[in-house]
Amino acid sequence: MSKKSRKLLSLVLVTVLAAAVLAGCGNRSGAEETKAASVSASPSAASSGSAKQESLPVSSPSQADKTLVIGVPANFEEKWNPFLAESAYDRLVIDQIFVSPTRLNAHNEVIPYAGNITSEMNVDGTVTYTVTVNEGMYFTNGDPVTIDDYIYFLYVCADPSYTGPMALVNQDIKGVKEYYYDDPNYAISVGAFEKEAAAKYSQQTISQEDFMYYLVESRLEGWYTGLDAYDWIGYIDAEGFGDELQYIDTSDESQLLELLALVEYANYRDSYDPETWWAKHLAESYIAENLAGSEHVDTISGINRIDDYTCTVTYNSVDINGDRNISVYLVPRGYYGDFEKGDVSKILANMNPVGSGPYVFQGFSDNIATCVANPDYFEGVPNIGTVKWQFVPENDTLPSIASGAIDIANPSGSMENIDEMQALGIEYDLIPFAGYGYAGFNCTNLDLYVRKGLFSLMDRQSSVKGYYGDVAQVIERPLVPTLAEYPVDATVYYPYSVENALKYFEQAGYTQKDGKLVDAEGKQLVVNAYIGGSGTGDHPAYAMLTSAAEDLATLGGELQINDVNFAVLQAAMNDGTADIFILAWGNVTSCDKRDQFRSTGGQNKYGIADAELDALLDEIVVTIDLEERKALVSEMLDRAMDLCIELPLYQRNDIIAYNVQTVDMSSLPEESTAFWNYASELWKLRMN
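Sequence order as written defines residue numbering, which begins from 1 separately in each chain. Under the rules for a predicted model, residues below a pLDDT of 70 receive no local features and side-chain atom pairs below 80 are neither given nor counted, while totals for whole chains, interfaces and linings still include all residues. Only heavy atoms go into the side-chain values, all of them from the structure, while hydrogens and water stay out.

With respect to the pattern of salt bridges
Put simply, the rule reads: When a carboxyl oxygen of Asp or Glu is within 4 Å of a side-chain nitrogen of Lys or Arg, the pair counts as a salt bridge. Every helix listed is a DSSP run of H or I at least four residues long, and every strand listed is a run of E at least two residues long, numbered separately from the N terminus. Throughout this description, buried means an accessible area under 20% of the type-specific maximum (1.4 Å probe, protein chains only), exposed means over 50%, and partly exposed covers the range between.
Counting across every chain of the model gives 19 salt bridges. A salt bridge links arginine 598 to aspartate 614; its shortest N-O distance comes to 3.8 Å. Of this pair, arginine 598 sits in the loop between helix 20 (594-597) and helix 21 (611-620) while aspartate 614 sits in helix 21, placing them 16 residues apart in sequence. Here aspartate 610 and arginine 639 are joined by a salt bridge, their closest N and O atoms 2.9 Å apart. In this pair, aspartate 610 sits in the loop between helix 20 and helix 21 while arginine 639 sits in helix 22 (residues 626-643), placing the two residues 29 residues apart along the sequence. Across this residue pair, the class does not change: aspartate 610 and arginine 639 are buried. What you see here is one network of salt bridges that share partners, running through Asp148, Arg305 and Asp308.

Here's the deal with the environment of phenylalanine 83
So the rule is basically this: We call two residues in contact when some of their heavy atoms are within 4.5 Å.
Within the secondary structure, phenylalanine 83 is located in the loop between strand 1 (63-72) and helix 2 (88-97). According to the relative accessible area criterion, phenylalanine 83 is buried, its value standing at 0%. Sequence separation of phenylalanine 83 and glutamate 681 is 598 residues, and the distance between their C-alpha atoms is 23 Å. Setting aside its immediate chain neighbours within four residues, phenylalanine 83 contacts Tyr152, Phe153, Val156, Cys157, Tyr162, Gly164, Pro165, Val331, Ile347 and Leu348.

Considering the nonpolar core
Basically, it comes down to this: Residues grouped as a nonpolar core are buried Ala, Val, Leu, Ile, Met, Phe, Trp, Tyr and Cys residues, joined through side-chain atoms within 4.5 Å.
Grouped together as the largest cluster of nonpolar side chains are 76 residues, with contacts concentrated most on Leu68, Phe83, Tyr150 and Val313. A per-element tally of this core places helix 3 (residues 147-158) first, with ten residues. Ile401, Ala439, Leu517 and Ile580 belong to the second-largest nonpolar core, a separate cluster that totals 49 residues.

Focus on the pairing of strand 5 (residues 127-133)
Put simply, the test is: Each pair of strands is called paired provided DSSP finds at least two bridges between the two strands.
Counting buried positions along strand 5 gives five out of seven residues, so the element sits mostly inside the fold. With seven bridges joining them, strand 4 (residues 115-121) and strand 5 adopt antiparallel strand pairing. Bridging across to strand 5, glycine 115 finds its partner in valine 133. Here strand 4 folds back onto strand 5, and the loop between the two strands holds five residues, one of which, glycine 125, carries a positive phi near 90°.

Right, dumping it as structure tokens:
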């Protein structure tokens, strides 16, 4: 693998884990409190509360002697901290330890949980959310739960030293940016940093000295992870800098990193992004200077405590996901501790979680996380005394259920697994996955009518059904069908038709000459596609691509299929090499597509920039009325199809498999969906 591919692999893995986790957080986001943070970032001493009365009765689980074992198909990240937990598997455990004011029901609707959140539009265009927490709840260390614990979470996530996935500064909460930057006039300074970074640190303007400094400080944008992580000596030699090795101590990390930076600057300068790093670096330096000064922004003006169980959070603008974004974990301030603004390191270092959820963390060892029932859980005492989450390799999952080693698992959705479960007598639920597969098109590389022609050559139905059978459905718009805004009457936009494809190619200026499809300059139409089929075509869209390649060949064009690993696929998409890239979105709980389709979207890898589409995307997120929003989403998706940005392929099903010998199937939820399953009501589950 080339250096570039290896570097991208490490970046991709981090990004994918972060994206998957962030999406898996659902309605968790971050918010905190109201009072002075210069001494302690907490509104008052009331949040620590007084210990629970010893005279209160203590209940026991009805199945105290029972242990439920849940299999997970990947290793845990072991971030047992409510402010840091990111991976889907860590969150399975954390979600049983902590509760939030609201949650999502089976139909992706926000419902009250450990409190409630309501909203009110203000005449000045702002939106005020009223957040309440239930009275009478206790953390498992005995502290009562109050609104101060909710506000505490917000302030931790708003702190400039916070490094977790729920940075509150990304929310449009009144005063949060002033607090984060510790400057009431932050906008002027931050804008200046961005201008300075663009003027001084872009690829075109940056000096070698500044570029080298950035490479060393960022450790080659995270690629360099230590002396023993890679054959750096061999790499340096292969890159043409072997002679320079004699002038350094290769066991000295700083010297080796300096030489590596020189190699990267000389050979791979264009693969790096110094401007973004420098803009962030300038902002971090600016925040540090502000924190070291004598004047501070000690509170977030949009977060206001009303009483022991109520606060308000005011957004500067309407956000259809505002109530979801601020429904964060209730964590005991008295246990995790106060902090000085600018340093939440002690809070983030605490890996012994204490919450008020249905289960209490007991520990983690041998790839097993163990919890026991919380007898004071506000909804009722959980039935099962002990729950364990255990890593089980995918290939061992079904045999482990059949043997009784585990009780519940989530094997991959495939016909092979369904056949095996039926043969083994394992009961299961098929649940639509909160995501969808798609073919992304590079709008910079491919003309609009070329894209339309290629859309017309994609036989999605045969390919998806041939791979998944009844475990997936072909979808007609680039959105998850389980969302309320998905147009239920959507029909096929580009029917599979070789004849239609040729007409589109002709509109793009191509003609058939001497058996080839060529443009006005006689250049043949050649398109590449990248797909992650493990080099063996193991992918639900592979048959679609091979069929399209055959059809395009009959017209005189060429479709080159690159069946590669994920890192190479991601790299080809990111650097613009890929004309077509086959991927999937996961954990989609909102119709907000700005990040993907907006011209300035952070995940806009398509090179699309369309003013009409931008306007629709912006209007959708401020449209509260569901019916009005549905109409706008339908219009936006039709526009996206007109522009041929994403070809929607399928929504697959997840599998939840059960050991019927141990699990009382009558205790499972009546309905399991992408948003609600056994884990949502784990405290009610019983065993035989």
